[in-house]
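# Structural characterization, general
Here is how the chains run, residue by residue.
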Amino acid sequence: MTVVQTRPTLIERWRDYLPFAVDDPIVSLNEGFTPLVYAPVISERVGAEVYFKCEGANPTGSFKDRGMTCAVSDAVRSGAKAVICASTGNTAASAAAYAARAGITCAVIIPEGRIARGKLAQTLIHGARVISLQGNFDDALEVVRRLVEEHPISLVNSLNEFRIEGQKTAAFELLEDLGGELDLLCIPVGNAGNITAYWRGFREMGAAPRLFGFQAEGAAPLVLGHPVDHPETVASAIRIGRPARGEEALAAASESGGSIRTVSDSDILAAYRLLASREGMFVEPASNASVAGLLKYGADGASRVVCVLTGRGIKDPEAALEQTEGALIRCPVEMPAIEEAVLGEREAFAEVASVQAPGAATVGA
Ligand code: F0G
């Protein structure tokens, strides 16, 4: 049977730059090719041309899929029967999906009660073995490192080189979409794999935009210069105190002429609401660190900026519901009450109606 494939997989598309031969098995869910979307509101605020790289458009809803297609394909190529990772949620969801696709076992170790509901749901439904550790992400990563030393399980955290290799393709896509012209990249930093991957990707293409990485204030070991034992932030995805690729991330930022700085939880949440309400972008709290940082520190003379939006908003429904508490309008089945509830501020509706249909009767007239 011939299966129709609408576009090449990430590995096929960038094979010349990736450690895979033509005959190697590929485990793919058609990751990559994510949209680059102009950001009018943020552009206006910072006085630069700003775009969003929408990594939530990947199959499991985060950038992790770029690296996971490579890590799991390599695991299958080397005959591994199981993969494992520690995760704040997205790596777990991605590993679980790609392992399901490959027909191999997946185990994930997550910090108990500390990952967003959507990510937990994804990981469970894909059939991974989910171990809820009574510790934080850094404890989970330590445990996983020890496990793979003793057991024949393939580690698919970003310590795995194949993850970085896959994730560097996001930089390739950016350069392609922007005709090579990019001054500044803003990106959230947690375990520090992604900023490392972008820098590798840019260097391989001979590009060198400045990299601005952003950590949450309560989980900012790279800014403080030492590990954080009890990292805290609303952005659960980047609640990490001992980043595995911290040294590389710092090197990438400084080689590029950029830096790694902090944003507060309230900066992150302000960006979260702004992106959703004005740009139409619903991304999970951690993803907003890139935009929060750009708004806080400015574009610093750059004329073209990309903010990486790492994961979709729907992964963390609780965060959105908390931010909109009280906004839900409850209503009995009675016309006057419903009218009042729907029309609310009548003027707002009148305006919309006249914009949409000039000359038409206004609502309520
Ligand atoms: N944004 C999101 C949505 C993430 O899930 C992560 C990391 C990051 C940013 C930071 O990327 O770790 O490469 O610096 N999530 C990992 C996980 C830790 O387990 O899903 P990084």
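Now for a description of the structure that goes with this document. This structure is a prediction, so every number in the text was calculated from the model and none was measured.

### Quick look at the overall build of the protein chain
Looking only at helices and strands, the protein chain features 16 helices and 10 strands. For the protein chain, the C-alpha radius of gyration of 22 Å lies close to 21 Å, the compact-globule estimate for 365 residues. Taken along the three principal axes of its C-alpha coordinates, the protein chain extends 75 × 55 × 50 Å. Counting over 365 residues, the protein chain shows a buried share of 53%. On the protein chain, roughly 16,500 Å² of surface is accessible, and the fraction owed to carbon and sulfur atoms is 52%. In the protein chain, 33 side chains carry a positive charge and 45 a negative one; their mean positions are 3 Å apart.

### Describing helix 5 (residues 117-125)
Taken residue by residue, helix 5 has Gly118, Lys119, Gln122 and Thr123 as its buried positions. End-on view of helix 5: buried residues confined to an arc of 130°, all on one side of the axis. Facing away from the buried side of helix 5, by more than 90 degrees, are the exposed residues Arg117 and Ile125. In the core, the buried residues of helix 5 are packed alongside helix 4 (90-102), strand 4 (105-111), strand 5 (129-133) and helix 14 (317-323). Following helix 5 by one or two positions, Gly127 has its phi on the positive side, about 90°.

### Some words on the nonpolar core
Ranked by internal contacts, the top residues of the largest apolar core, which has 33 residues, are Ile42, Val50, Phe52, Leu294 and Val305. If you list the elements that add at least two residues to this core, you get helix 2 (40-46), strand 2 (49-54), strand 7 (184-188), strand 8 (210-216), helix 12 (265-279), helix 13 (288-297) and strand 10 (304-309). Residues within four places of Leu294 in sequence aside, it is in contact with Ile42, Val46, Val50, Leu184, Cys186, Phe214, Ala299, Val305 and Cys307. Ranked by size, the runner-up nonpolar core spans 29 residues in total, among them Leu18, Ala99, Ala128 and Val156.

### Description of the environment of Ala75
Along the polypeptide, Ala75 turns up in helix 3 (residues 64-77). The exposure class assigned to Ala75 is buried, which follows from its relative accessible area of 0%. As a C-alpha pair, Ala75 and Ala99 span 24 residues in sequence and 9.6 Å in three-dimensional space. Excluding its chain neighbours within four sequence positions, the residues that come into contact with Ala75 are Ala80, Val83 and Ser154.

### Quick notes on the pairing of strand 8
Of all seven residues making up strand 8, six are buried, and the element is well covered by its neighbours. Here five bridges tie strand 7 to strand 8, and the two strands are oriented parallel to one another. Note that in strand 8 the partner of Ile187 across the bridge is Gly213. Read as a crossover between parallel neighbours, the route from strand 7 over helix 9 (residues 193-204) to strand 8 is right-handed. Looking at chain direction, strand 8 and strand 9 (residues 259-263) are connected through five bridges and run parallel. The residue of strand 9 that forms the bridge with Gln215 is Thr262.

Quick notes on the rules
As a convention, each chain's residues are numbered from 1 in the sequence order in which they are written. Reporting of local features is limited, given that this is a predicted model, to residues whose pLDDT is at least 70; pairs of side-chain atoms are given and counted only at 80 or more, and all residues count toward the totals for whole chains, interfaces and linings. By convention in this description, side-chain values take in all heavy atoms of the structure and omit both hydrogens and water. Comment: elements are numbered from the N terminus, with helices defined as DSSP H or I runs of at least four residues and strands as E runs of at least two. Atoms counted for the radius of gyration: C-alpha only. Globule rule: 2.2 Å times residue count to the power 0.38. Throughout this description, buried means an accessible area under 20% of the type-specific maximum (1.4 Å probe, protein chains only), exposed means over 50%, and partly exposed covers the range between. All accessible-area figures derive from a Shrake-Rupley calculation using a 1.4 Å probe, and residue coverage is judged against the displayed protein chains alone. Counted as positive: Lys and Arg. Counted as negative: Asp and Glu, with His and the chain ends omitted from the count. The atoms used to mark charge sites are NZ of Lys, CZ of Arg, CG of Asp and CD of Glu. For this quantity, the arc is that covered by the directions from the helix axis to the C-beta atoms. The contact rule is simple, with two residues in contact once any of their heavy atoms fall within 4.5 Å. Each nonpolar core is a collection of buried residues, namely Ala, Val, Leu, Ile, Met, Phe, Trp, Tyr and Cys, held together in the definition by side-chain atoms within 4.5 Å. Strand pairing is assigned whenever DSSP detects at least two bridges linking the two strands. Whether a crossover is right-handed comes down to one check: with the strands pointing away from the viewer, does the path from the first strand over the helix to the second run clockwise; if it does, it is right-handed.

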